[in-house]
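Read off the chains here:
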Amino acid sequence: MTVAHRADTKTLRRPLTEEELAFVRERRVGRLATADETGTPAVVPICYAVIERDGEPVVVSALDEKPKRVTDAELARVRHIRARPEVALVVDDYGEDWERLAFVHLRGLARVVDPAEVGHEEGVEALRAKYPQYARMAIETRPMIAIASLTGTSWRGAAQAEGPLPRPGTVDLAALVRGRRSVRAFQDRPIPRALVEQAIAAAGWAPSPHGRQPWRFAVVEAPERRAALADAMAATWRAQLALDGQDAVVVQLRLDKSRERLHTAPVLIVPCLYLADLDPYPDPDRRTAEATMAVQSLGAAVQNLLLTVHAAGLDAGWMCAPLFCPDVVRDALALDAALVPHALIAVGYAAKDPVRRDRLPLDDLIVSWR
Ligand SMILES: Cc1cc2nc3c(=O)[nH]c(=O)nc-3n(C[C@H](O)[C@H](O)[C@H](O)COP(=O)(O)O)c2cc1C
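What you see is a predicted model, and the numbers here were worked out from it, not measured in a lab. Residue positions are given per chain, counted from 1 along the sequence in the order it is written. Residue-level local features of this predicted model are given only where pLDDT is at least 70; pairs of side-chain atoms are given and counted only at 80 or more, and the full residue set underlies all totals for whole chains, interfaces and linings. Hydrogens and waters are ignored; side-chain quantities use all the structure's heavy atoms.

Section: the nonpolar core
The nonpolar side chains of a soluble globular protein tend to be buried with one another. Ranked by size, the top nonpolar core spans 41 residues in total, and within it V60, L127, Y134 and I147 carry the most contacts. Elements with a contribution of two residues or more to this core: α2 (18-26), β3 (49-53), β4 (56-62), α3 (76-83), β5 (86-93), β6 (102-113), α4 (120-130) and β7 (144-156). If you tally residues by element for this core, the top one is β6, at six residues. A contact between two residues is defined here by any heavy atoms of the two lying within 4.5 Å. In this view, I147 contacts L32, P57, V58, V59, V87, G108, L109 and A110; residues no more than four positions away in its chain are not counted. The term nonpolar core refers to a set of buried residues drawn from Ala, Val, Leu, Ile, Met, Phe, Trp, Tyr and Cys, joined through side-chain atoms within 4.5 Å. Think of it in three bands: residues with accessible area under 20% of the maximum for their type are buried, residues over 50% are exposed, and the middle band is partly exposed, with areas taken using a 1.4 Å probe on protein chains only. By the criteria applied, helices consist of DSSP H or I runs no shorter than four residues and strands consist of E runs no shorter than two, each listed in order from the N terminus.

Here it is as structure tokens:
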């Protein structure tokens, strides 16, 4: 026991590898252990970011406005750090497949950094870049914790023994991808605004041509706005279905169903194509390819959004209607002329378990493998 403990302490004294730092950087929550002057320990979950100072990594964590029972100065972690700066942080992946577990355990020297101090501003920027929730919290006016002189170690389950530390979320990625389904009936129940922001932020991390991010998202939440959008699109759709010579009763039924969806889903997200930042080309072929790339990447962004919504325990349904009447949608939502509404994603709590569609077998998907 003693020997094992000593060996562990030794490994914890080595600098973190680049791979371990990447693992820490990409996770969203860690458990910070501090101790008071008598050695009594305390552990709290923290949101954090990793910045660089003088070429060394530093973990920063805001004393933010999440509800707390005491003032910043009275927080156990602040009192402890002022009494003794040695801290430990564990960042881990958990999933039911224990071969895929992993964690990084780091130690460092912590300091409480006041807003006027060097590095505070950089810390605020890094935290805001990582957590959209911080955009609306005045973390720039509050002290933050900075942990430097980082050393540590890591552990991974058998499935990763030979390979790299896992990327975040890969533990349950297959289940997440397969679990997402198109939901077309929603409960009339509000969803947290933070979730909508998180889903749109995830959309923004999709790959895009030249990294130009050719997308913007309109969020339609107010019931009267949703109704106005539904009515505006219904008029166009009615005219288009009549052109197809569809039976008036069927047309009405389809319109009613679509309207119902737009009325009950608490939030509608309208992904719009934004082409203004793309490369201009003199020839039509490249112009078309450039625009196609933008549409492809908008699809990737929407999938990020759908998976994020699904991972949060909610559901969504993709509707193509705006693609058939972009001008109508733009007008109804008073959107900028440079935006082309491409779809409508209804988000909310599923009213019932939807039908799950089968997929092609793998053998049909791969057409050539030489
Ligand atoms: C570009 C695009 C447009 C879609 N438009 C609609 C739509 O207007 N209405 C609808 O009910 N579903 C729409 N869907 C959802 C598909 O019908 C659905 O993804 C497909 O049936 C597979 O089901 P699943 O998503 O539950 O796996 C659309 C999907 C995509 C990718």
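Describing the packing of aromatic side chains
How two aromatic rings sit relative to each other is given by the distance of their centres and the angle of their planes. In summary, the pairing rule links any two rings of Phe, Tyr or Trp, Trp by its six-membered ring, whose centres are within 6.5 Å, and it sorts them by plane angle into stacked for under 30 degrees, edge-to-face for over 60 and tilted for everything else. Taken as a whole, this structure holds two aromatic pairs when the rule is applied. Ring geometry for F103 and W155: centres 5.9 Å apart, planes at 20 degrees, overall stacked. You can see F103 sitting in strand β6 and its partner W155 sitting in strand β7, a full 52 residues away along the chain. The exposure class assigned to W155 is partly exposed, which follows from its relative accessible area of 40%.

Examining the layout of surface pockets
Cavities and pockets are defined on a 1 Å grid built over the protein atoms alone: a cavity is a set of grid points where a 1.4 Å probe fits but cannot escape, while a pocket is an open set with protein on both sides within 12 Å along at least five of seven lines, and lining residues are those with an atom within 4 Å of any such point. Grid points are joined across faces, edges and corners, and a volume is the space filled by probe spheres set on the points. By volume, the second largest pocket is sized at about 770 Å³. Counting residues per element, the ones that place at least two in the lining of the second largest pocket are α7 (223-243), α8 (248-264), β10 (315-319) and α10 (321-324).

Observations regarding the site of the ligand
Any residue with a heavy atom lying within 4 Å of a molecule or strand is counted as near it. In the vicinity of the ligand, the contacting residues are R180, R181, S182, R184, R261, W318, M319, C320, R357 and R359. In the environment of the ligand, an oxygen atom lies 2.5 Å from a nitrogen or oxygen atom belonging to the side chain of S182. Within the contact set of the ligand, an oxygen atom lies 2.7 Å away from a side-chain nitrogen or oxygen of R357. Using a 1.4 Å probe, the Shrake-Rupley method yields the accessible areas, and only the shown protein chains count as cover for residues. Isolated, the ligand exposes 620 Å² of accessible area, and the fraction of that covered by the protein chains is 66%. We define a polar contact as two N or O atoms separated by no more than 3.5 Å, with the added condition that, inside protein, one atom must be a possible hydrogen donor and the other a possible acceptor, whereas residues neighbouring each other in sequence contribute only through side-chain atom pairs.

Here's the deal with the packing of α7 against α8
The interhelical angle for the contact between α7 and α8, taken along N-to-C directions, is 160 degrees, at an axis separation of 10 Å. In this view, α7 runs roughly antiparallel relative to α8, as classed from their interaxial angle. Both α7 and α8 take part in a crossing whose hand is right-handed. Residue-level inspection shows R226, A227, A230, D231, M233, A234, W237, R238 and L241 of α7 in contact with α8, the latter providing V251, Q252, R254, L255, S258, R259, L262, H263 and T264. Asp, Glu, Lys and Arg are counted as charged, while Ala, Val, Leu, Ile, Met, Phe, Trp, Tyr, Cys and Pro are counted as nonpolar; the rest, among them Gly, fall into the polar class. Along the lines of polarity and charge, the residues of the contact of α7 with α8 split into nine nonpolar, four polar and five charged. Inter-axis angles, ranging from 0 to 180 degrees, are taken between N-to-C directions of lines fitted to C-alpha atoms, where helices are fitted over the stretch in contact. Orientation categories follow fixed angle ranges, with anything under 35 degrees roughly parallel, anything over 145 roughly antiparallel, 65 to 115 roughly perpendicular, and all other angles oblique. Here a crossing is called left-handed whenever its near helix is offset anticlockwise from the far helix by less than a right angle, and right-handed whenever the offset is clockwise.

What to know about the side chain of S61
Among the secondary structure elements, S61 is positioned in strand β4. A relative accessible area of 4% places S61 in the buried class. At 2.9 Å, the side chain of S61 and the backbone oxygen of C47 are in polar contact. When sequence neighbours within four positions are dropped, the list of residues in contact with S61 reads I46, C47, Y48, L127, M144 and I145.

Focus: unusual backbone geometry
Positive phi values are uncommon outside glycine, yet D54 reaches one of about 50 degrees. As for its position among the elements, D54 is in the loop between β3 and β4. When its relative accessible area of 78% is taken as the criterion, D54 is described as exposed. In this structure, A334 is a non-glycine residue whose phi angle is positive, near 50 degrees. With respect to the helices and strands, A334 occurs in the loop between α11 (326-332) and β11 (339-341).

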